[in-house]
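Listed here are the chains, written in short residue letters.
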Amino acid sequence: MTDLAVRSRGLTKRFGSQTVVDAIDLAVPTGAVYGFLGPNGSGKTTTIRMLLGLVVPSGGGVELFGAAMPAGAASVLPAVGSLVEGPAFHPYLSGRRNLLRLDAADRTADPRSAGTRVAAALDRVGLLAAADKRYRAYSLGMRQRLAIAAALLTPKDLLVLDEPTNGLDPQGTREVRQLVGSLADDGTTVLVSSHLLSEVDQMCTHVGIMHVGRLVAQGSSAELRDQGTVEATVETEEPAQAARVMAELGLTEIHTTRTAATGVIGGIAAEKVVAACVHAGVPVVGFRVARPTLEDVFVSLTGEGFDVSG
Amino acid sequence: MSAAEPVSRTGVEGVARRPRARVSPRFLLSELRLMVGRRRNQAGLLVLAAVPAFIAISVKTTLSQPGADAPDFFRSITQNGLFVSLAALTIELALFLPLAVAVVAGDSVAGEANIGTLRYLLTVPVTRGRLLVVKFAGIVVGAFVATFVVATTGVVMGLVLFGGGAMTTLSGTQISFTAGLLRVLAAVVYLSCGLAALGAVGLFFSTLTEQPIGAMVTTVVFSTTSYILDSIPQVSWLHPYLITHHWLDFGDLLRDPVAWNNIVAGLGLALGYAAVFLAAAWSRFSVKDVTS
């Protein structure tokens, strides 16, 4: 039961007549870095709000570490850090004061260590130097960092990060990616939502893809990629000859250019293609196997480009 | 696509290692600190304090004393400085004190929703019931502080400009200065309870919207409507149930002996309003989708 950090069954949310989240079955294994992908408006944030007990599902249910939400919120949420739909703090309080307020609201936090924990969290996101500036003077990137720091005030078993790199510069994006990596190494389960494929591609062990309120794909990153078509390309002066060998081997959808032949490799071992070509006297100049990117998978699942809103 | 195999890692113990939740005043203290730190609230307190100061100075510097047609407390100011605070409370009860409570109460939940901090408080987690309790506690403290500031400024200004000594009650008898001071304190507590009840109304309005100004205005409209209805004899059947109906009865505390009837009725009414509107706030807020 508790080998899943997050599990939902038939989770549904309707606002009026509009079904925003449609019967999704999330399964986030404990210890995973789960990339929750989907275009803007695909229902990611509403799903996350239901996970955290902010929004009551219209149907189905969701459990965090086996505790049903929102009923189990008081017992399970202290172990969950979250960043939901961007940072939100009191503008006229400093970053430090804002974090102290959130810490004061946490009944499981030790008041004696509040000061040091707040400073450590600020340090971890590189905000210590600006800790005593008013929040309203923070740049968007600094605000985003503060929100991440707020999620790290106490040790967490699960981090739910909704678009954590929004507003960050490339340097900040890299830092967040490293931070997520180091947290995951400590055993924290991370659910990170994003509309940026490359971001998820780089840091996630598992992926779920949302599209128009439905979870259209879910699994480990490797599993998902294997659903796509792997193509082998032989670069040669004699593409027609190479194509014939590839067809004999059983590759499909073969097409040639002036300097290469490409085919869908299916279950055939890649090295066999090279060996067969060489054996048949094809002058092989280069060989490569293209595994599908998540974007390819996404397009094949939805038939749409990634930036299309659901 | 079934659930993937759990990733094997060490150190994952689910939620078992969380420390136990403690009951602590930290969140309430943080709430009070937030209220006190707001410029708007500081400025509001200054305005509240300015009224008794203005009354005391203007009575002192005007050659003509308040005439026989002046309200009860005004006529007595020159005899005993304590009456400055009672006069100021009477004046501010019309708008300033309800407005002060409406600002704090209207802002309580809607203000957090407006800037988005509500979602982060709820995921800390602060349970919704606890949030309402802490917010209402803050409002009650705010009501007491506001009333206390008016009364204290009045007492200090009054004593400085008019002196203290034995106090003549509204019944014409004399009581000692200490007894008089206690009567003023009793009036402060009584009015604070009435204003806290209005705060419960404001808290309810605050759970309905993400616009704090809207909740504030609605709360002031509520108390003002109550005053207006209370002055229309044709709806006299409604008067005993109006939230403001017994507020000005605090003067009964300055009679000798104290006329308790209206005071008790006023406290009962305040309790009733608080109970009804806190229940309404809970029933609304406990199931509300927080999408702010």
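For clarity, every value in this text was computed on a predicted model and none was experimentally measured.

Engineer: Could you clarify how one ought to interpret the overall build of chain A in this entry?
Structural biologist: A count of helices and strands for chain A gives eleven helices and 15 strands. Expressed along its principal axes, the backbone C-alpha trace of chain A runs to roughly 75 × 45 × 35 Å. Out of the 310 residues belonging to chain A, those deemed buried represent 49%.

Engineer: Is there a simple way to explain the overall build of chain B in this structure?
Structural biologist: Within chain B, the regular secondary structure consists of ten helices and two strands. Reading the secondary structure of chain B in the N-to-C direction produces α-α-α-α-α-α-α-β-β-α-α-α. Overall, chain B is about 90 × 45 × 30 Å in size when its C-alpha atoms are taken along their principal axes. The burial tally for chain B puts 42% of its 292 residues in the buried class.

Engineer: In this structure, what is going on with the interface of chain A and chain B? I would like to understand it.
Structural biologist: It is common to give the size of an interface as the accessible area lost on bringing the parts into contact. Every contact between the two is made by 46 residues of chain A and, on the other side, 37 residues of chain B. Mapped onto the side of chain A that touches chain B, the elements with two or more residues apiece are strand S3 (27–29), helix H2 (73–76), helix H3 (95–105) and strand S11 (214–220) of chain A. Split into classes, the residues belonging to the side of chain A that touches chain B amount to 25 nonpolar, 13 polar and eight charged.

Engineer: Just checking my understanding: could you explain the sheet that holds strand S9 (residues 189–194) of chain A for this structure?
Structural biologist: The strands that make up a sheet are held in pairs by hydrogen bonds between backbone atoms, and each pair lies either parallel or antiparallel. Residue and element names in this part refer to chain A. With mixed pairing, six strands are arranged side by side in an open sheet as S7-S8-S9-S4-S10-S11. Pairing within the sheet leaves two strands with one partner each, and these edge strands are strand S7 (80–83) and S11. Each strand of the sheet is rotated relative to its neighbour by a mean of 10°, with strand direction disregarded. In this structure, S7 lies alongside strand S8 (residues 158–162), joined through four bridges in parallel fashion. Among the inter-strand pairings, Ser82 is bridged to a residue of S8, identified as Val160. Of the strands in this sheet, strand S4 (33–37), S8 and S9 touch helix H6 (residues 170–185), which is tilted by about 155° from S9.

Engineer: Any chance you could explain the packing of helix H2 (residues 39–61) of chain B against helix H4 (residues 82–92) of chain B here in plain terms?
Structural biologist: The packing of two helices is summarised by the inter-axis angle and the distance between the axes. Residue and element names in this part refer to chain B. Between H2 and H4, the shortest axis-to-axis distance is 9 Å and the interhelical angle comes to 125°. Put simply, H2 runs oblique to H4. Seen along the crossing, H2 lies across H4 with a hand that is right-handed. Mapping the contact onto sequence places Leu48, Val51, Pro52, Ile55 and Ala56 in H2 and Val84, Ser85, Ala87, Ala88, Ile91 and Glu92 in H4. Partitioning the contact of H2 with H4 into residue classes produces nine nonpolar, one polar and one charged.

Engineer: Sorry if this is basic, but what is going on with the sheet that holds strand S14 (residues 260–264) of chain A here?
Structural biologist: Residue and element names in this part refer to chain A. Pairing within the open sheet is antiparallel, and its four strands lie in the order S13-S14-S12-S15. Edge positions in the sheet fall to strand S13 (252–256) and strand S15 (284–290), since each of these pairs with one other strand and no more. On average, adjacent strands in this sheet sit at an angle of 15° to one another, irrespective of strand direction. Where strand S12 (residues 231–236) and S15 come together, six bridges link them in antiparallel fashion. By the bridge assignment, Thr233 is partnered in S15 with Arg288. Across the face of the sheet, helix H10 (residues 270–279) comes into contact with S12 and S15 while running at roughly 160° to S15.

Engineer: Looking at this model, I keep getting lost on the nonpolar core. Mind explaining?
Structural biologist: Most often, soluble globular proteins have nonpolar side chains that are buried together. Counting 156 residues, the largest nonpolar core has A:Ala149, A:Val190, B:Val101 and B:Ala200 as its most contacted members. Top element by residues in this core is helix H8 (residues 177–207) of chain B. It accounts for 14 residues. Setting aside residues up to four positions removed in sequence, B:Val101 forms contacts with B:Ile139, B:Gly142, B:Ala143, B:Ala146, B:Leu195, B:Leu198, B:Gly199 and B:Gly202. One finds A:Ala242, A:Ala243, A:Ala261 and A:Val282 within the second-largest nonpolar core, a separate group that totals twelve residues.

Engineer: Just checking my understanding: could you explain unusual backbone geometry for this structure?
Structural biologist: With the exception of glycine, the majority of residues adopt a negative phi angle, and the majority of peptide bonds are in the trans configuration. For the peptide bond that leads from B:Val124 to B:Pro125, omega is 5°, which places it in the cis range. Examined against the element boundaries, B:Pro125 turns out to sit in the loop between helix H6 (117–122) and helix H7 (128–162). Between B:Asp256 and the following residue, B:Pro257, the backbone shows a cis peptide bond with an omega angle of -5°. By secondary structure assignment, the location of B:Pro257 is in the loop between helix H9 (212–230) and helix H10 (260–285). Located in the positive-phi region is A:Phe65, a residue other than glycine, with phi close to 50°. Assignment of secondary structure puts A:Phe65 in the loop between strand S5 (59–64) and strand S6 (67–69). A count of 25 C-beta atoms within 10 Å places A:Phe65 in the buried class.

Engineer: Explain the confidence of the model for chain A here, please?
Structural biologist: Interpretation of this model should avoid reading the predicted coordinates in detail wherever pLDDT is low. Looking at chain A as a whole, the pLDDT averages 88, with 96% of positions reaching at least 70. Here helix H11 (residues 294–302) of chain A is the element of chain A with the lowest mean pLDDT, 73, and H3(A) is the one with the highest, 96.

Engineer: In this structure, what is going on with the pairing of S11(A)? I would like to understand it.
Structural biologist: Across a regular strand the side chains alternate sides, sitting on one face of the sheet and then on the other. Residues and elements named next belong to chain A. In this sheet, S11 lies alongside strand S10 (residues 206–211) in antiparallel orientation, the contact comprising six bridges. From the neighbouring strand, His206 faces S11, where its bridge partner is Ser220. Connecting S10 to the antiparallel partner S11 that follows it, the hairpin turn spans two residues, and Val212 within it adopts a positive phi of roughly 45°.

Engineer: Looking at this model, I keep getting lost on the packing of helix H9 (residues 239–249) of chain A against H10(A). Mind explaining?
Structural biologist: Residue and element names in this part refer to chain A. Two elements in contact, H9 and H10, have axes whose closest approach is 10 Å; the angle formed by their N-to-C orientations is 130°. Of the possible angle classes, the one that applies to H9 and H10 is oblique. Helix-helix and strand crossings are classified by hand; for H9 and H10 the assignment is right-handed. Side by side, H9 and H10 meet where Ala242, Val245, Met246 and Leu249 of the first sit next to Lys272, Val273, Ala276 and Cys277 of the second. Looking at the contact of H9 with H10, its residues break down into seven nonpolar, no polar and one charged.

Engineer: Where do I start with the environment of A:Thr293 in this structure?
Structural biologist: All names here are of chain A. Secondary-structure assignment places Thr293 in the loop between S15 and H11. Given 14 C-beta atoms within a 10 Å radius, Thr293 is considered partly exposed. Sequence spacing of Thr293 and Leu224 is 69 residues, and the spatial spacing of their C-alpha atoms is 9.4 Å.

Engineer: Would you take a moment to explain H4(B) for this structure?
Structural biologist: Residue pairs three or four apart in sequence face the same way in an α-helix, which turns once every 3.6 residues. Most of H4(B) is tucked away, with ten of its eleven residues classed as buried. Of all the positions in H4(B), only B:Leu82, B:Phe83, B:Val84, B:Ser85, B:Leu86, B:Ala87, B:Ala88, B:Leu89, B:Thr90 and B:Glu92 are classed as buried.

Engineer: Sorry if this is basic, but what is going on with the pairing of S9(A) here?
Structural biologist: All names here are of chain A. In terms of burial, S9 is a largely internal element, six of the six residues being buried. Along S9, one buried face is formed by Thr189, Leu191 and Ser193 and the opposite face, lined by Val190, Val192 and Ser194, is buried too. Of the strand pairs in this sheet, S4 and S9 are connected by five bridges, and their pairing is parallel. When the sheet's bridge partners are listed, Val33 is paired in S9 with Val190.

Procedures and definitions
Residues numbered from 1 in each chain as written. Chains lettered and ligands numbered in written order. Predicted model: local features only at pLDDT ≥ 70, side-chain atom pairs only at ≥ 80, totals over all residues. Helix = DSSP H or I, 4+ residues; strand = E, 2+ residues; numbered from the N terminus. Buried ≥ 20, exposed ≤ 12 C-beta atoms within 10 Å, placed from the backbone. Contact = placed C-beta atoms within 7 Å. Nonpolar A, V, L, I, M, F, W, Y, C, P; charged D, E, K, R; others polar. Pairing = 2+ DSSP bridges. Axes fitted to C-alpha atoms, helices over the stretch in contact; angles between N-to-C directions. Parallel < 35°, antiparallel > 145°, perpendicular 65-115°, else oblique. Left-handed = near helix turned anticlockwise from the far one by under 90°. Core = buried A, V, L, I, M, F, W, Y, C linked by C-beta atoms within 7 Å. pLDDT = per-residue confidence, 0-100.

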